[in-house]
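So you can see what is in the structure, the chains are spelled out below.
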Amino acid sequence: MIVELWEKIQKLSAILDTYEPKPEPEPSPKKTSKNSSTPPSKGFKPNICTDTLVEQLQRQLILRNSGN
């Protein structure tokens, strides 16, 4: 029985010696609005700073109230 196991180990070792792993595929580039199939209007839009947005709304309110 030990001889049979030893022969199996030798056969499997020979198979492993000839085995060549598949090369890893290169990672694909990150999708952006420039290389995507979506239209530009649906692409990346930068975040608006909330402080700036609040300041703009406050100015609009002041201008509306000062006109009355």
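Higher on the page you've got the structure.
Let me sum up the structure you'll find in this document. (Residues numbered from 1 in each chain as written. Predicted model: local features only at pLDDT ≥ 70, side-chain atom pairs only at ≥ 80, totals over all residues. Heavy atoms only, no water.)

**Describing the overall build of the chain**
Then, number 1: Helix and strand counts for the chain come out as 2 helices and 0 strands.
Then, number 2: Every one of the 68 residues in the chain was classed for burial, and the buried ones make up 1%.
Then, number 3: Only carbon and sulfur atoms are counted for the fraction: they give 60% of the accessible area of the chain, which is about 7,500 Å². (Helix = DSSP H or I, 4+ residues; strand = E, 2+ residues; numbered from the N terminus. Buried < 20%, exposed > 50% of the residue type's maximum accessible area, 1.4 Å probe, protein only. Areas by Shrake-Rupley, 256 points an atom, 1.4 Å probe, with all protein chains shown as cover.)

**Regarding the pattern of salt bridges**
Then, number 1: Tallying each qualifying case throughout the model produces 1 salt bridge.
Then, number 2: Close ionic contact of Glu55 with Arg59 constitutes a salt bridge, the shortest N to O distance being 3.8 Å. Linking Glu55 with Arg59, this pair stays in helix α2 (residues 50–66), spanning 4 residues, or about one helical turn.
Then, number 3: Classification of Glu55 by relative accessible area gives partly exposed; the value is 41%. (Salt bridge = Lys/Arg side-chain N within 4 Å of Asp/Glu carboxyl O.)

**Quick look at helix α1 (residues 2–18)**
Then, number 1: Look at α1: 25 Å from first C-alpha to last across 17 residues, which is about the 24 Å you get at 1.5 Å a residue.
Then, number 2: Taking burial as the measure, the 17 residues of α1 include 0 buried ones, a minor fraction of the element. (Expected span 1.5 Å × (residues − 1).)

Geometric descriptors of this kind do not, in isolation, establish any biological role.
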